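# Residue-level structural notes
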Amino acid sequence: MEWAFDGGRPCLDLVNTLRARYTDGVELLTGPDALAEWLSLAGFTTGPVPVTAGNVLAAKALREAIDRVLLPPEVPDKMDVELVNNAAASAPAPPPRLILLDGRLRREVPAPKDPVAAAFAALAADAIDLATSDAEVRVCAADDCGIRFCDASPRRNRQWCSMSRCGNRAKARAHYARLSGREA
């Protein structure tokens, strides 16, 4: 699977699991194995975790609600806001606890009972933080991309999801167009 983690925020990386939104739409969350792989690569789980088809549907619903909340036409729909809020509240992280190890106190955070729900809660909390921050969510300027990213650049003028992908291609096209005497 070709996962992209160019969004700059975990919630945007989830949104970007649906590629080419403006053309044919390429779904990367094709089943439980794909979601389990994404959760692991995104750093939300370690080791194998049980992921169900219901988790995949929930991830897609959360993904689309996050996308609509972060790129609203005007005011986000109340149902999308509720879905994000409910996901954030559904699996609070287990509280840390003290353990005594070799005569010293250590902090330990137990593993969540449902690691998938905990991952969704963290993704929703990240979306809430992003929606209420000064950062801007943008869509890559490349015609064939559509990846969402967080523009935290000083001037808020970032155009591409990644210089190594779309930005480099756009600059190369403009360069070759100048060499041939055409406009890009």
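The sections below set out a description of the structure shown in this document. (Residues numbered from 1 in each chain as written. Predicted model: local features only at pLDDT ≥ 70, side-chain atom pairs only at ≥ 80, totals over all residues. Heavy atoms only, no water.)

## A look at the packing of helix H4 (residues 78-90) against helix H5 (residues 115-131)
Contact pair H4 / H5: the axes reach a minimum separation of 7 Å and the direction vectors enclose 130°. With respect to their mutual orientation, H4 and H5 come out oblique. Where H4 crosses over H5, the two elements pack in a sense that is left-handed. Every residue of H5 that contacts H4 at Val 84, Asn 85, Ala 87, Ala 88 and Ser 90 is listed here: Ala 117, Phe 120, Ala 121, Ala 124, Ala 125, Ala 127 and Ile 128. In the contact of H4 with H5, the residues fall into 10 nonpolar, two polar and no charged. (Axes fitted to C-alpha atoms, helices over the stretch in contact; angles between N-to-C directions. Helix = DSSP H or I, 4+ residues; strand = E, 2+ residues; numbered from the N terminus. Parallel < 35°, antiparallel > 145°, perpendicular 65-115°, else oblique. Left-handed = near helix turned anticlockwise from the far one by under 90°. Contact = heavy atoms within 4.5 Å. Nonpolar A, V, L, I, M, F, W, Y, C, P; charged D, E, K, R; others polar.)

## A short note on H4
Here H4 spans 18 Å end to end across 13 residues, near enough to the 18 Å set by a 1.5 Å rise per residue. Of all the residues in H4, the buried ones are Asp 80, Val 84 and Ala 87. Mapping the buried residues of H4 onto a view down its axis gives an arc of 65°, with all of them on the same face. Set apart from the buried face of H4 by more than 90 degrees, the exposed residues are Lys 78, Met 79, Asn 86 and Ala 89. (Expected span 1.5 Å × (residues − 1). Buried < 20%, exposed > 50% of the residue type's maximum accessible area, 1.4 Å probe, protein only. Arc of directions from axis to C-beta.)

## A look at helix H3 (residues 53-70)
With 18 residues, H3 should reach 26 Å at 1.5 Å per residue; the first-to-last C-alpha distance of 26 Å fits that figure. Looking only at H3, the buried set comprises Asn 55, Val 56, Ala 59, Leu 62, Arg 63, Glu 64, Ala 65, Ile 66, Asp 67, Val 69 and Leu 70.

## Here we look at the pattern of salt bridges
Across all of its chains, the model carries eight salt bridges by this definition. In this structure, Arg 63 engages Glu 64 in a salt bridge whose closest nitrogen and oxygen atoms are separated by 2.7 Å. Here Arg 63 and Glu 64 have matching classes, each one buried. Between Arg 138 and Glu 136 there is a salt bridge, with the nearest N and O atoms lying 3.1 Å from each other. Overall, the relative accessible area of 25% leaves Arg 138 in the partly exposed class. Three or more residues are tied together by salt bridges with common partners; here these are Glu 27, Arg 63 and Glu 64. (Salt bridge = Lys/Arg side-chain N within 4 Å of Asp/Glu carboxyl O.)

Keep in mind that these numbers describe shape and distance, not what the molecule does.
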